[in-house]
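Here is how the chains run, residue by residue.
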Amino acid sequence: MERKDEQYILQMKNIVKTFPGVRALDQVNLNVRPGTVHALMGENGAGKSTLMKCLFGIYVPDSGEIEFKGEKVQFTNPKQALDHGVSMVHQELNQVPEISVMENIWMGRIPKTGIIVDDTRMYEDTKKIFENLDLQIDPREKISHLSVSRRQMIEIAKAVSAEAKVVVLDEPTSSLTETEVKHLFRIIKQLKKQGCGIIYISHKMEEILEISDDVTVMRDGQYIYSGRANEMNTDQLIALIVGRELTNRFPEKINVPQTKALLKVEHLNGLYGPTVTDATFELRKGEVLGISGLMGSRRTETVETIFGLRLKDSGTIEKDGKVIGNYNAREAIDNGFALITEDRRQSGIFAGLDIEFNSTIANMNRYANSFGMIDRKKMVKDTKWVIDRLRVKTSAQSEKIGNLSGGNQQKVIMGRWLLIDSQIMMLDEPTRGIDVGAKYEIYQLVMEYAAKGNGVIFISSEMPELLGITDRIMVMSNGRVAGIVDTAATSQEEILKLSAKYL
Ligand SMILES: Nc1ncnc2c1ncn2[C@@H]1O[C@H](COP(=O)(O)OP(=O)(O)OP(=O)(O)O)[C@@H](O)[C@H]1O
Ligand SMILES: [Mg+2]
């Protein structure tokens with residue numbers, strides 16, 4: 001194929017960026033054609049976000065060149081980039097919660113008449129953008145009143161509002177519902193038509209190949225490959241990303257569910273708000289029980305109620321035939337429960353502290369020896385286990401967790417809970433934002449854990465994953481149990497049908 005004459009809207013050439021002890025980017029190239037979606041792929045810590053931060057002037061590259069519309073540029077900050085039509089939707093949302101939607105969109109460039117803020121114009125302009133994008137959001141609504149997924153849509157609207165020529169989406173769909181993802185894809189197609197170049201970062205293989213025209217793969221800060229998306233399949237792409245054969249995305253099943261129930265939940269009702277309603281189910285020893293459901297089916301509320309993070313109204317929880325209270329998280333942990341929450345990144349992280357602290361903090365009594373002293377050696381050993389088993393990419397245990405890539409931060413928090421001595425582990429979307437190689441490790445850990453006679457509750461919105469690793473799947477709709485099916489005998493269609501059941 002003749003590529004010499006092709007016009008690129010954006011070229012990043014031989015970009016190098018180092019941090020103390022880490023060569024985060026080593027001569028990386030990225031060439032984005034106008035009117036296309038360019039997938040930027042790589043494992044957690046490969047350097048994707050860092051490359052984008054170099055584009056936006058959040059980091060200054062050590063060397064390398066950036067050309068935008070054929071001219072050499074180096075933006076000094078994201079605002080300047082935005083003014084030139086280069087915009088970004090970040091992996092971590094960084095909106096100010098107490099201001100309105102429209103103020104958020106126009107922040108730094110609020111329309112004024114003289115020195116007076118032109119509120120009406122701002123409202124009208126925002127409304128027009130939303131109408132264009134088919135978004136039903138009130139521009140005057142406060143950011144804090146909106147769900148995470150709607151906030152993400154606003155970020156996207158903001159990116160689009162700047163008449164962008166290049167839009168970067170760093171894991172945009174991680175918290176979107178299926179309908180919203182479709183909506184986002186429609187917006188992306190519209191942007192393509194306008195000649196915009198879109199850089200798309202995601203760990204979801206199916207999604208990537210569906211939406212992208214070109215693919216660039218990075219590994220360990222190195223530039224590995226660029227090519228057309230329609231010239232490759234998922235397996236080839238995975239091999240490029242992880243740098244080794246990964247023929248099966250799911251490990252062999254090694255756990256065998258027993259007939260005996262480990263956990264029995266009967267007529268469980270949450271107390272406040274839209275929550276779990278009259279849920280009855282059991283989890284067997286040695287079993288991985290998946291929970292499927294659409295956004296809003298209250299899967300998270302269900303496990304949080306079991307774990308004591310939310311108040312119960314009525315119903316019983318039995319473990320090993322004994323009724324237990326689990327009135328708060330401490331009690332649940334003492335009763336042998338562990339919960340890995342969905343918003344790991346927001347909740348559990350002590351950003352300024354190191355990996356060792358972040359891995360061991362939930363579990364300090366594990367490290368007190370018989371003299372009441374802290375057993376540092378054991379902490380170091382456990383932290384090493386977390387780093388090795390979950391493939392945390394870092395140069396040292398003493399690295400601040402805040403310096404790790406998004407996905408690697410999540411792995412550490414997950415490791416923290418894996419270290420806790422438990423018999424019932426509940427995981428809420430554990431592989432969201434995690435790369436394909438580490439996903440495999442997580443599946444393996446889950447099955448090993450169950451194979452010991454423990455039980456796992458695994459919430460996921462990714463159907464292949466649920467079908468790949470669970471023994472049974474409980475489908476929820478509107479806070480209620482819509483059905484429980486045997487994984488080996490069910491199908492995607494059956495599960496979707498159950499999740500759409502009106503209860
Ligand atoms: N401010 C920093 N200080 C030190 N190291 C950093 C800093 N920012 C990033 N790194 C390191 O650079 C490497 C690349 O990180 P980056 O965030 O770009 O990864 P990523 O590809 O976006 O991963 P993910 O898929 O997990 O988001 C990682 O090893 C990370 O620890
Ligand atoms: Mg990242």
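Coordinates for the structure precede this section.
Reference entry: report on the structure contained in this document. (Residues numbered from 1 in each chain as written. Chains lettered and ligands numbered in written order. Predicted model: local features only at pLDDT ≥ 70, side-chain atom pairs only at ≥ 80, totals over all residues. Heavy atoms only, no water.)

### Comments concerning the pairing of strand β15 (residues 288-293)
Walk down a regular strand and you will see the side chains alternate between the two sheet faces. Of all 6 residues in β15, 6 are buried; the element is thus mostly enclosed. Neither face of β15 is left uncovered, since the one carrying V288, G290 and S292 and the one carrying L289, I291 and G293 both have all their residues buried. The sheet contact formed by β15 and strand β20 (residues 455-459) spans 4 bridges and is parallel. Looking at the pairing, V288 lines up with V456 of β20. (Buried < 20%, exposed > 50% of the residue type's maximum accessible area, 1.4 Å probe, protein only. Helix = DSSP H or I, 4+ residues; strand = E, 2+ residues; numbered from the N terminus. Pairing = 2+ DSSP bridges.)

### Things to note about the site of ligand 1
Inspection of the region around ligand 1 gives 19 residues, with G45, K48, T50, S405 and G407 positioned closest. Note that an oxygen atom of ligand 1 is positioned 2.8 Å from one of the backbone N or O atoms of G45. In the model, an oxygen atom of ligand 1 is placed 3.0 Å from a nitrogen or oxygen of the N403 main chain. When ligand 1 is considered free in solution it has 640 Å² of accessible area, and contact with the protein chains removes 91% of it. Of all the elements in the fold, those that place two or more residues in the shell around ligand 1 are α1 (48-55) and α14 (406-418). In terms of residue count, α1 provides more of the shell around ligand 1 than any other element does, 3 residues in total. Looking at the shell around ligand 1 residue by residue, the class counts come to 5 nonpolar, 11 polar and 3 charged. (Near = heavy atom within 4 Å. Polar contact = N/O pair within 3.5 Å; in protein donor to acceptor, adjacent residues only side chain to side chain. Areas by Shrake-Rupley, 256 points an atom, 1.4 Å probe, with all protein chains shown as cover. Nonpolar A, V, L, I, M, F, W, Y, C, P; charged D, E, K, R; others polar.)

### Regarding the pattern of salt bridges
Under the criterion given, the structure shown has 25 salt bridges. Across the pair D125 and R121 runs a salt bridge whose closest N-O atoms are separated by 3.7 Å. Placement of both D125 and R121 in helix α4 (residues 119-133) is noted, with a separation of 4 residues, approximately one turn of the helix. Note that R284 and E282 form a salt bridge whose closest N and O atoms lie 3.6 Å from each other. (Salt bridge = Lys/Arg side-chain N within 4 Å of Asp/Glu carboxyl O.)

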